[in-house]
Amino acid sequence: MTDAVADDLVEQARSSFEAGDFRRAHEAGQAALIKRPLDTQLLRLVGNAAMELGRDDGVELLERAVALAPEDPEAWSDLGRALVLEGRVTSAGEAFRRVIRLQPDDHDALIGIAHTAYLSGDPAAAITALRQAVERDSGDAAALRSLLAIYRREGMVQDALATARALAELRQDDVLAALDVGELALDLGLLDEASAVFGRLRANDEEPGHEVYALHALIDVELRRERWRRALDLAIDATRVDRLGTTTDVLAFVVARVFGATNRPAPDRPDVDRALAASRQEHRRMHEEGLVL
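All chains use their own residue numbering, which begins from 1 and follows the written sequence. Per-residue local features of the predicted model are confined to residues with pLDDT of at least 70, and side-chain atom pairs are confined, for both listing and counting, to 80 or more; whole-chain, interface and lining totals are unaffected and use all residues. The basis for every side-chain value is the complete set of non-hydrogen atoms in the structure, without hydrogens or water.

## Description of the overall build of the protein
Here's step 1: By definition, any uninterrupted DSSP run of H or I lasting at least four residues is a helix, any uninterrupted run of E lasting at least two residues is a strand, and each is numbered from the N terminus. Counting secondary structure elements, the protein contains 16 helices and zero strands.
Here's step 2: As defined in this context, the radius of gyration uses C-alpha atoms, and a globule is described by 2.2 Å times the residue total to the power 0.38. A globule of 293 residues ought to have a C-alpha radius of gyration of about 19 Å, yet the protein, at 27 Å, is considerably larger.
Here's step 3: Referenced to the eigenvectors of the C-alpha coordinate spread, the extents of the protein come out at roughly 95 × 35 × 25 Å.
Here's step 4: The buried share among the 293 residues of the protein stands at 45%.
Here's step 5: Put simply, 51% of the contacts in the protein that link residues at least 6 apart link residues at least 24 apart.
Here's step 6: Surface accessibility follows the Shrake-Rupley procedure with a 1.4 Å probe radius. Residue values consider only the protein chains on display as shielding. When the accessible surface of the protein is totalled, it reaches about 15,000 Å², and 48% of it is carbon and sulfur.
Here's step 7: For the purpose of charge, His is not counted, nor are the chain termini; Lys and Arg are scored as positive and Asp and Glu as negative. Where a charge sits is defined by one atom per residue type, namely NZ (Lys), CZ (Arg), CG (Asp) or CD (Glu). The average position of the 36 basic charges and that of the 53 acidic charges among the side chains of the protein differ by 5 Å. Categorising residues by exposure relies on relative accessible area from a 1.4 Å probe, with only protein chains included: less than 20% of the type maximum marks a residue as buried, more than 50% marks it as exposed, and the intermediate range marks it as partly exposed. Any two residues having at least one pair of non-hydrogen atoms within 4.5 Å are treated as being in contact.

So, in structure tokens, the structure goes:
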């Protein structure tokens, strides 16, 4: 194979990869490697194409690239991502840490370290890496959301609320971010903040049929305050958009608290609390399904 033919194959591989034709990129790149087996950029290209195709040779090619260019952070990043795809999270984390040693300000590598650490059962390391990532880029909503999720799973409610507030400030039209703030404020007994957040959600969540979820959350706040008349007004409002299920049961409970027992059976407080919590979970599920980071 002449150098000119090899050059042509490399160009075919590169242009095919950029066009999303990974099969052609892999085939042309493999052919070029016969002439240029020590070309680390070509090894990376063919290795990444192999990973896109789900082929077995992707990691091997990328390992060859880092062996030839151990000071190349991009090669280590490629290898880290490939190892994650193969489920080798410990090795992937080591690759991402190698990137940070070579390039300390690499934001994506910090995210990689965080995810692999959490998958490896080390939430503290994941939190540290995500905090560093957010310090470097406070506008990274995905990193904030990941940090928030870990805080919530680990029961770090105060940290979770601070992160949720930052995310909600960053993405002021994000209903899910607002829900996080409202729910965490509710958990911490910050009822004025929870009421303000759910009140804004009532006005701002424009999805059809979603007003009732904000009303249920506002009712929950008032039940915790034992402001029964205000809870009754909100329950009556909720019946405008929902006359079945949770709303009807909550209304019956509040009516009994305000006016005393009636002939109509009413649920007890634990049942109402569970129903309102389930309403918030359903509201969250609907927005999580359409989540765009």
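Now that the structure has been shown, the text picks up again.
## Some words on the packing of helix H5 (residues 73–85) against helix H6 (residues 89–102)
Here's step 1: Note on geometry: axes are C-alpha line fits, over the in-contact stretch for helices, and angles between N-to-C directions span 0 to 180 degrees. Contact geometry of H5 with H6 gives a least axis separation of 8 Å together with a crossing angle of 160 degrees. In this view, H5 runs roughly antiparallel relative to H6, as classed from their interaxial angle. For the crossing formed where H5 meets H6, the hand is left-handed. Along the contact surface, H5 presents Pro73, Trp76, Ser77, Gly80, Arg81, Leu83 and Val84, while H6 presents Ser91, Ala92, Ala95, Phe96, Arg98, Val99 and Leu102.
Here's step 2: Of the residues belonging to the contact of H5 with H6, the class tally is nine nonpolar, three polar and two charged. We call two directions roughly parallel when the angle between them is under 35 degrees, roughly antiparallel when it is over 145, roughly perpendicular when it lies between 65 and 115, and oblique otherwise. For any helix crossing, the convention is left-handed if the near helix is rotated counterclockwise from the far helix by under a right angle, and right-handed if that rotation is clockwise. Polar here means any residue other than Ala, Val, Leu, Ile, Met, Phe, Trp, Tyr, Cys and Pro, which are nonpolar, and Asp, Glu, Lys and Arg, which are charged; Gly is therefore polar.

## Details of the pattern of salt bridges
Here's step 1: Any carboxyl oxygen of Asp or Glu within 4 Å of a side-chain nitrogen of Lys or Arg constitutes a salt bridge here. For the coordinates displayed, the defined rule picks out 26 salt bridges.
Here's step 2: Put simply, aspartate 174 and arginine 145 hold a salt bridge, and the shortest N to O gap is 2.6 Å. Remark: arginine 145 occurs in helix H9 (residues 141–153) and aspartate 174 occurs in the loop between helix H10 (157–170) and helix H11 (175–187); sequence separation between them is 29 residues. For the pair formed by aspartate 174 and arginine 145, the shared burial category is buried.
Here's step 3: Members of the salt-bridge network, linked through shared partners, are Arg152, Asp180, Glu183, Arg284 and Glu288.

## Some thoughts on helix H16 (residues 269–289)
Here's step 1: Here the expected length of a helix is defined as 1.5 Å per residue gap, with one fewer gap than residues. Between the first and last C-alpha of H16 there are 30 Å, a value that for 21 residues agrees with the 30 Å anticipated at 1.5 Å per step.
Here's step 2: Turning to H16, its buried residues are Val272, Leu276, Ser279, Arg280, His283, Arg284 and His287. On an axial view of H16, the arc spanned by its buried residues comes to 130 degrees, and they lie on one face. With respect to the buried face of H16, the exposed residues turned more than 90 degrees away are Arg274, Gln281 and Glu289.
Here's step 3: Residues of H16 that are buried in the fold lie against H9, H11, helix H12 (191–204), helix H13 (211–225) and helix H15 (245–259).
Here's step 4: Put simply, aspartate 268 is the residue that caps the front of H16, since its side-chain oxygen is 3.1 Å from the backbone nitrogen of aspartate 271. Summarising the geometry, the arc corresponds to the directions from the helix axis toward the C-beta atoms. We define a polar contact as two N or O atoms separated by no more than 3.5 Å, with the added condition that, inside protein, one atom must be a possible hydrogen donor and the other a possible acceptor, whereas residues neighbouring each other in sequence contribute only through side-chain atom pairs.

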